[in-house]
Amino acid sequence: METVSENRCFGGTQGVYAHQSDACSCDMTFGLFLPAEAADGPVPVLWFLSGLTCTHENAMTKAGAQAWAAEQGIALVFPDTSPRGDDVPDDEAYDLGKGAGFYVNATQAPWATHFQMWDYISEELPTVLGQNFALDMERQAIAGHSMGGHGALTLAMSLPGRFRSVSAFAPICHPTQSDWGRKQLTAYLGADEDTRAAHDATLLMQKGGFDGPVLIDTGTNDQFGDLLGTEHLAQAMAVRRQEAQIRLQKGYDHSYFFISSFMEDHVAFHAEALYG
């Protein structure tokens, strides 16, 4: 593993690291914030999965999460959103290819060789983190934005016992029934409906829900609101009686200004679950 950079940050360290990924068959980069408490022993972990077009850097520099994580003594992991490299396939559209991994294991050409983001996030990167840093991998929580919100919700519901809480900012909630999801899931996973359903938060909520608390914020002025499917997930939560909050934040859009405005709430929400 290579240290790309390390900077003092709110009494802790904001690092950027690169490593060879077996899952994605390329070099991968991630950000990791370690609070001051990590110097004395393992600290709980909050993952933040970013959205379309992002790298590890967007949330790391724009979300304002480190201040609140430092206050709570929580580490923050900022993975990349897709494999990278000259031999990694891409697409001219922003919503497929590099920056748009959708946190799935692709089975279709030309994506299958590198786009194994589910295995990378769920298995490989946790192993790298646990072997190299003072992290308590028994206490994990996960959050995400947009495509990353989709990833956070589907990972949390598909890996029972892994995460104590899950939150999302403007997540893609029902991709199998949205123009913003059918295209990508079909490209990566093919036409099999059961395979695609395993990556749909609304269908997963209907099927089994999440064994912990859920927090979702979406802005009423979100420019992608019609594509997110928030109402479908809300209905599934109500039917299942899922422990959850869905908050529609008046006047907010899809940007990092929105995310940073409510990041304190999300970190506090996860801290309660991680330390409870």
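Residues numbered from 1 in each chain as written. Predicted model: local features only at pLDDT ≥ 70, side-chain atom pairs only at ≥ 80, totals over all residues. Heavy atoms only, no water.

**What about the pattern of salt bridges?**
Which entries qualify depends on this criterion: The term salt bridge refers to a pairing of a side-chain nitrogen on Lys or Arg with a carboxyl oxygen on Asp or Glu at a separation within 4 Å. Numbered from the N terminus, helices here are DSSP runs of H or I no shorter than four residues, and strands are runs of E no shorter than two. Whether a residue is buried, partly exposed or exposed follows from its accessible area with a 1.4 Å probe, protein chains only, as a fraction of its type maximum: under 20%, in between, or over 50%, in that order.
Considering all chains together, one arrives at 7 salt bridges under this definition. With its nearest N and O atoms 3.7 Å apart, the salt bridge here joins Arg162 to Glu123. Here the residue Arg162 occupies a position in the loop between helix H4 (147–158) and strand S7 (166–169), and Glu123 occupies one in helix H3 (residues 117–132), the gap between them amounting to 39 residues. Residue class for Glu123 comes out partly exposed when judged on its relative accessible area of 45%. Sharing partners across several salt bridges, the network here consists of Asp217, Arg247 and Asp265.

**Regarding unusual backbone geometry**
The omega torsion across Ala109 and Pro110 is 5 degrees, close enough to zero to call that bond cis. On the secondary structure map, Pro110 appears in the loop between strand S5 (75–79) and H3. One non-glycine residue, Ser25, lies in the positive phi region at around 55 degrees. Take Ser25: it is sitting in the loop between strand S2 (12–21) and strand S3 (26–34). For Tyr103, which is not glycine, the phi torsion reads 55 degrees and is therefore positive. Mapped onto the elements of the fold, Tyr103 is located in the loop between S5 and H3.

**Regarding the sheet that holds strand S1 (residues 2–9)**
Condition: Two strands form a pair only when DSSP identifies at least two bridges running between them. To get an axis, a line is fitted to the C-alpha atoms, and for a helix only the part in contact is used. The angle between two axes follows their N-to-C directions and goes from 0 to 180 degrees. For this analysis, residues touch if any pair of their heavy atoms sits within 4.5 Å.
Taking strand neighbours across the sheet as the criterion, the 9 strands line up as S1-S2-S3-S5-S4-S6-S7-S8-S9 in an open arrangement whose pairing is mixed. Where the open sheet ends on each side, the last strands, each with one partner, are S1 and strand S9 (244–249). When the angles between neighbouring strand axes are averaged without regard to direction, this sheet yields 20 degrees. Judged from the 6 bridges that link them, strand S4 (residues 43–49) and strand S6 (residues 135–145) form a sheet pairing that is parallel. Bridge pairing in S6 links Leu46 to Ala141. Lying over the sheet, H4 contacts S4, S6, S7 and strand S8 (214–219), oriented at roughly 135 degrees with respect to S6.

**A look at helix H5 (residues 179–189)**
In plain terms, the rule: Working note: the arc is built from the helix axis to C-beta atom directions.
Of all the positions in H5, only Trp180, Gly181, Gln184, Leu185, Tyr188 and Leu189 are classed as buried. Angular distribution of buried residues about the axis of H5 spans 100 degrees; they occupy a single face of the element. Contacts made by the buried residues of H5 are with helix H6 (193–197) and helix H8 (225–228). Once H5 ends, the next one or two residues include Gly190, with phi positive near 90 degrees.

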